[in-house]
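Tertiary structure, described
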Amino acid sequence: MGGLLAELGELTARHPLRERLHATRLKALHAAGRRTEALVAYEHFRRGLADELGADPGPELREIHLKLLRADPVRRPRTNLRTPLTSFVGRAAEIAQVRAQLGRSRLVTLVGPGGAGKTRLATTIATALLNEASRQSSPDNGSPHGQGRGGHDGMDGRSGHAGRDGRPTYERPDGRPTYQGPDGRPTYAERGRRGYEGPDGRRAYEEGQAGPAYGEGYARPTHNSGPTYNSGPAHNSGPAHNRAPAYDSEPADTSGPASPGGQPAYEGPSAVWLVELAPVSDPADVPQAALAALGRAPMPAGPAAPTDTLDRVVETLSAGRVLLVLDNCEHLVDAAARLAEELLGRCPRLRVLATSREPLGIVGEVVSSVPPLPVVPAVELFADRVAAACPGLVLDQGLVREVCRRLDGLPLAIELAAARLRALSLEELAVRLDDRFLLLTGGSRTALPRHQTLRAVVAWSWDLLEEPERRLAEGLAVFAGGFDLAAAEHLGGTLDLVAALLDKSLLQAAGGGRYRMLETIREYGLERLAETGKIGPARAGHAAYFLRLAELAEPYLRGREQLTWIARLLAEHDNLLAALHFAVDRGDADTAVRLAAAMGVFWTIRGNRQESVGWMNLALNVPGTAPWQARLIVSATLLINGALGGDDSMVESDVRELRRLAELAEGEPGHPVLAMIGPAVALFTDDKALGLREVERRLYHPDPWARGMLLMVRAAIKENDGDMGGSRQDLIASAAELRAVGERWGLAMTLMSLAEAHAMFGDFDDALASIQEATALMLQLNPDLDPGHQVWQATIRIRSGEVEQARAELRAMTEQPHREQSARNAAFAHAGLGDLARLEGDLATAAREYGLSAATMEQSPSIVPQFRALVLIGWAHLALAVGDQAAAGRHIVQAAELSLSAKDMPVLARVGVAVAESRALGGDAPAAARTLGAAEQLRGAPDAFNPDVARLSAWLRAELGDAYDAAYAAGRGLDRPAALKLVRAPAAPS
């Protein structure tokens, strides 16, 4: 109909006196619902006929005119938005943001990757704004389709409609259209002259001006009106004869309360029109697409109506508060930008909401990002679409979350995946996501081809790139965990190219100067690299870059700049692992071993001990040549992390190899980690003499970190040998070295051991200060860490008499979220609560807490043997308290074996305390006293503040009198083998 009316308008303009042609046009306008325009066209023809021929219209035309006057008013549509067929999920934050932006700005562009749901978001916001504006007031009199005030088409028996400025306009009884001017006085058009009543009450005319174009009472906006993107009046420039009268350039949005920025508040649109640019391929067709979208809106009529497409769009949008949605602008971004700028400059009350994969890039534009959905709304969307596709299907929520995460939270991908559950189980769907582009097809039949499959969505964005942008995007696909500008430049990128990919939604800003690709886009880029045979060189370049980064960072991890470099390596960790796996897969031993060597300290500091064992084994198992120093470093780190992670079998199998490597490193132990190999071998083989010699030879190492760590190793050797006093002195010296160099991890380890040593000697204030500083340091290194130091802090409080505070701290640890570290700490805490309850005589609670500790330990396989021994010691004391000597004996034997496997003398000394109690209860008090003395020999300190030691020694002293001291001294004076034999002998002699 729009094309027919346009053609009829041109014909009547060329043949202004052909009555039958005008009759046909009037009928067509009426059939299209444009009653007011038809009346205006009739009046124009009537006046023209009278002026030229002095005649009136014929009977047929007068009859048509009468029917138009009598016809029921037709309410014009205010939008071409369609009713959605599915629910809208999530996006509350984006909706609020865009609504606020539209309130402040006249051009807002929604930008995001393909499939993110930009169109649905834009139409949802537009519909809501239109509905709210409709509820708040009667139909807007300023819209090109609105009704007169009161919601009807006539006023006082006269045919009326709304003018541009919101004032009523109608046809006088003599057929001349009138409206109210800005001063409230009636104005009208008379024989080609626009008139109004001036301040003196006399009629005023502007000669030579055409009458109202289509009854709206204002002239067509001039082409040289400057663009205006705020809520103020449009700026008219150019000669006076080209400008409309002042009241025809009515300021936009001049009513209503002021916004916080001082501009009039946006009242919402009176009409919303959606221009769908997706089917348009020629930039020259963009204005025509806009005109076609406005086909249901009133169009200009009469000889003064514009014939140019853009002018007709401007005429149609100039009245009322119109919101124009320009959808899918990315492939026509220049043409869409020019259209938006022209319309905003010439239509002061217009607002534009655009969707695109890149900004329009014009002055006044506000860009609003449409990111992928977060997990919760993504899961909700998936469940909603599955319910429609497969009613009644029950889903594993954990697996649904994983599927949504792997699909990057892209609504289109989620909807395509949900539809696949008609043929696949959720588990099968998750497995097949490795080939998502073959899997996620079969979108809506009515959608454009590029919106029907996931591959087509990404390919559309890819094809819109310039060739340099495309090459860089393919190269960046090898980055596994995001990247920064320096990494992109390493691949030949530039700031401009990265910014272009960011603008075109191929990259996402990840904060902190980093960028990332959605996994879906990344997989497409990898496919393209594979197709062109470039994936190998691209991965090799990626691995080389991150090897250099890791080797650059490694020395800084042992000094004052540790936190800065930890943060950098943490940000690149996925890339570093990807580089390692690439080197392993390619058989590049040099890269694999060097990378593992450079990352070893980082993995140790971050607590990735168990995982790092696998990574370092991967590197060491690659055949081929690699620097021998790097192999030594990886092997040493593997040993330490394996031991700290509780993997005893791994430690035992590697000790012989480590001895051989230590001998090779003997000639040049320059690297600080290499200096640790010999002492580490001695520590883990319990060779005190060798350990002390190895440490002594290296204590003059030039690196202060190495010296501090060597002193910590010597302290551990002395502690295991029962020299707690000497151990404490070495720990104090170690802390001083590490504090001076600014290294936090080694200092935290040292302070933790020092806290235990201080507590054993009764220096509780120093012990608490040390444990609290250690906790603070560990949290600096890893804020997500659950510091196990809290257990030792509670233990120190118990020994110092702060029982209730210790109980509260332990109870809080049992209520932490269940992660592996939390499970380990909860197991420690339950054991501590069990000890407290047992010492207080609440044996039932003690049994329950020990049971909870044992059950919780099953959730954390990395718990070291000596801690399992501590729980068994608690069970042994509890069994003795209830008189079950047999059960106590079994627990003691198991605890002793675990302590010896870890070569932990202080824990074995606690086994000795349980053995002493068993002997005391069995009636052999002198043997019990000797066993307590042997326990001190093993730990190297009396541990007089241990509640079990204090309780038992007081009972034995009361039982033996002066003989207690002699018996105790006899046990303390034993050598190590004799003390071990006494502690491991049967607890209660028959």
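Residues numbered from 1 in each chain as written. Predicted model: local features only at pLDDT ≥ 70, side-chain atom pairs only at ≥ 80, totals over all residues. Heavy atoms only, no water.

**Description of the nonpolar core**
In terms of nonpolar packing, the biggest core is built from 149 residues, with Phe382, Leu426, Leu476 and Trp603 touching the most fellow members. If you tally residues by element for this core, the top one is helix α23 (residues 589–606), at 12 residues. Aside from chain neighbours lying at most four places away, what touches Leu426 is Phe382, Leu395, Asp396, Leu399, Val400, Val403 and Leu421. Grouped together as the second largest cluster of nonpolar side chains are 37 residues, Val791, Phe828, Ile863 and Leu872 included. (Core = buried A, V, L, I, M, F, W, Y, C linked by side-chain atoms within 4.5 Å. Buried < 20%, exposed > 50% of the residue type's maximum accessible area, 1.4 Å probe, protein only. Helix = DSSP H or I, 4+ residues; strand = E, 2+ residues; numbered from the N terminus. Contact = heavy atoms within 4.5 Å.)

**Details of empty space enclosed by the protein**
Applying the stated criterion across every chain, the model contains 11 cavities of 30 Å³ or more. Counted as a void, the largest cavity has a volume near 310 Å³. Thr795, Ala831, Gly832, Asp835 and Arg910 are, among the 20 residues lining the largest cavity, the residues nearest its centre. Residue assignment for the lining of the largest cavity shows that the elements contributing at least two residues are α33 (789–800), α35 (820–839), α37 (865–881) and α41 (947–960). Of the residues in the lining of the largest cavity, the class split is 12 nonpolar, 3 polar and 5 charged. (1 Å grid on protein atoms, 1.4 Å probe; cavity = no way out; pocket = protein on both sides within 12 Å on 5 of 7 lines; lining within 4 Å. Points joined across faces, edges and corners; volume = space filled by probe spheres on them. Nonpolar A, V, L, I, M, F, W, Y, C, P; charged D, E, K, R; others polar.)

**Topic: helix α19 (residues 519–531)**
Between the first and last C-alpha of α19 there are 18 Å, a value that for 13 residues agrees with the 18 Å anticipated at 1.5 Å per step. All buried positions along α19 are accounted for by Thr520, Ile521, Arg522, Glu523, Tyr524, Gly525, Leu526 and Leu529. Its buried side turned inward, α19 meets α14 (436–439), α15 (454–463), α16 (467–476) and α20 (535–553). With its phi angle positive at about 75 degrees, Gly533 sits one or two positions after the end of α19. (Expected span 1.5 Å × (residues − 1).)

**A closer look at the sheet that holds strand β11 (residues 271–276)**
Taken together, 5 strands build an open sheet; the order of strands is β11-β12-β13-β1-β14 and the sheet is parallel. Of all the strands in the sheet, the pair left with one neighbour each is β11 and β14 (366–369). On average, adjacent strands in this sheet sit at an angle of 20 degrees to one another, irrespective of strand direction. Note that strand β1 (residues 107–111) and strand β13 (residues 351–356) share 5 bridges and pair parallel. Its bridge partner being in β13, Leu107 is matched across the sheet by Val352. Each of β1, β12 (322–327), β13 and β14 touches helix α5 (residues 92–104); the most contacted strand, β14, lies at about 175 degrees to it. (Pairing = 2+ DSSP bridges. Axes fitted to C-alpha atoms, helices over the stretch in contact; angles between N-to-C directions.)

**Here's the deal with the pattern of salt bridges**
A complete count under the given rule lists 46 salt bridges for this structure. Linking Glu527 and Arg455 is a salt bridge whose minimum nitrogen-to-oxygen distance equals 2.7 Å. On the criterion of sequence distance, the pair formed by Glu527 in helix α19 and Arg455 in helix α15 is long-range, its members being 72 residues apart. The exposure class of Glu527 is partly exposed, given its relative accessible area of 24%. (Salt bridge = Lys/Arg side-chain N within 4 Å of Asp/Glu carboxyl O.)

**Overview of the environment of Glu802**
Position of Glu802 among the secondary structure elements: in the loop between α33 and α34 (803–814). With relative accessibility at 29%, the residue Glu802 sits in the partly exposed group. Side-chain polar atoms of Glu802 contact the side chain of Ser800, separated by 3.5 Å. (Polar contact = N/O pair within 3.5 Å; in protein donor to acceptor, adjacent residues only side chain to side chain.)

**Things to note about the side chain of Ser612**
The topology assignment puts Ser612 in helix α24 (residues 609–620). Residue classification places Ser612 among the buried positions, given a relative accessible area of 0%. Leaving out residues up to four positions away in the same chain, Ser612 has contacts with Trp603 and Asn641.

**Some points on the packing of aromatic side chains**
Applying the stated criterion across every chain, the model contains 12 aromatic pairs. When the centroid spacing of 5.8 Å and the interplanar angle of 75 degrees are considered together, the rings of Phe479 and Phe546 count as edge-to-face. Here Phe479 is found in the loop between α16 and β15 (483–484), whereas its partner Phe546 is found in helix α20, with 67 residues between them in sequence. Overall, the relative accessible area of 0% leaves Phe546 in the buried class. Judged by centre distance (5.8 Å) and plane angle (40 degrees), the rings of Tyr964 and Tyr968 are tilted. With a gap of 4 residues between them, Tyr964 and Tyr968 both fall in helix α42 (residues 963–972), about one helical turn apart. When its relative accessible area of 4% is taken as the criterion, Tyr964 is described as buried. (Phe/Tyr/Trp six-rings, centres within 6.5 Å; stacked < 30°, edge-to-face > 60°.)

**Quick notes on the pairing of β12**
Among the 6 residues that make up β12, 6 are buried, leaving the element largely enclosed by the rest of the structure. Of the two faces of β12, the one carrying Val322, Leu324 and Leu326 and the one carrying Leu323, Val325 and Asp327 are both buried. As defined by bridge partners, β11 adjoins β12 across 6 bridges and the pair is classed as parallel. Bridging from a neighbouring strand, Val275 pairs with Leu326 of β12. As paired elements, β12 and β13 share 4 bridges and run parallel to each other. In the sheet register, Leu323 faces β13, and the bridge partner there is Arg351. For the handedness criterion, the β-α-β arrangement of β12, helix α9 (residues 333–346) and β13 is classed as right-handed. (Right-handed = clockwise from strand over helix to strand, strands pointing away.)

**Section: the sheet that holds strand β16 (residues 508–511)**
The sheet built from 3 strands is open, its strands ordered β15-β17-β16 with antiparallel pairing. The sheet is open, and its two borders are formed by β15 and β16, each paired with just one other strand. Pairing analysis gives 3 bridges linking β16 to strand β17 (residues 514–516), with the strands arranged antiparallel. Bridge pairing links Ala509 to Tyr515 in β17.

**Comments concerning helix α21 (residues 562–571)**
Buried within α21 are the following residues: Gln562, Trp565, Ile566 and Leu569. Viewed along the axis of α21, the buried residues span an arc of 105 degrees, placing them on a single side of the element. Those residues of α21 that are buried are in contact with α20, α22 (573–586), α23, α31 (745–760) and α32 (764–781). (Arc of directions from axis to C-beta.)

**As for the packing of α32 against α33**
For any two helices packed against each other, the geometry comes down to the angle between their axes and how far apart the axes lie. At their nearest, the axes of α32 and α33 sit 10 Å apart, and the two run at 165 degrees to each other. Relative to α33, the element α32 is oriented roughly antiparallel. Two packed elements cross with a definite hand, and for α32 against α33 that hand is left-handed. On α33, the residues touching Phe764, Ala767, Leu768, Ile771, Gln772, Ala774, Thr775 and Met778 of α32 are His789, Trp792, Gln793, Ile796, Arg797, Arg799 and Ser800. Class assignment of the residues belonging to the contact of α32 with α33 gives a composition of 8 nonpolar, 5 polar and 2 charged. (Parallel < 35°, antiparallel > 145°, perpendicular 65-115°, else oblique. Left-handed = near helix turned anticlockwise from the far one by under 90°.)

**So, the pairing of β1**
A large share of β1 lies buried, amounting to 5 of its 5 residues. In β1, alternate side chains face the same way, and those of Leu107, Thr109 and Val111 on one face and Val108 and Leu110 on the other are all buried. In this structure, β1 lies alongside β14, joined through 4 bridges in parallel fashion. Along β14, the bridge assignment pairs Val111 with Ser369.

**Observations regarding unusual backbone geometry**
The backbone of Arg91 sits at a positive phi, close to 70 degrees, despite the residue not being glycine. Relative to the helices and strands, Arg91 is located in the loop between α4 (59–70) and α5. The class for Arg91 is buried, based on a relative accessible area of 5%. If you check the backbone angles, Ser505 has positive phi at about 65 degrees while not being a glycine. Along the polypeptide, Ser505 turns up in the loop between α18 (495–503) and β16.

**Quick look at the confidence of the model for the chain**
On average, residues of the chain score 80 in pLDDT, and 80% of them reach the 70 mark or higher. Considering only residues more than four positions removed or in separate chains, one finds that residues 138–263, a stretch of pLDDT under 50, has 264 contacts. (pLDDT = per-residue confidence, 0-100.)

**Quick word on the environment of Thr355**
The topology assignment puts Thr355 in strand β13. Between the C-alpha atoms of Thr355 and Val325, which are 30 residues apart in sequence, the distance is 7.8 Å. Those residues in contact with Thr355 that lie beyond four places of it in its chain are Leu110, Lys118, Thr119, Ala122, Leu326, Asp327, Asn328, Cys329 and Glu330. Separated by 2.5 Å, the side chains of Thr355 and Asp327 make a polar contact. There is a polar contact of 2.8 Å between the side chain of Thr355 and the backbone nitrogen of Asn328.

**Describing the environment of Ala38**
Among the structural elements, Ala38 can be located in helix α3 (residues 35–53). Taking the relative accessible area as the measure of exposure, Ala38 reaches 0% and is therefore buried. It is 9.7 Å that separates the C-alpha atoms of Ala38 and Ile64, two residues lying 26 residues apart in sequence. If we skip the residues at most four places from it in the chain, Ala38 touches Leu26, Leu29 and Leu68.

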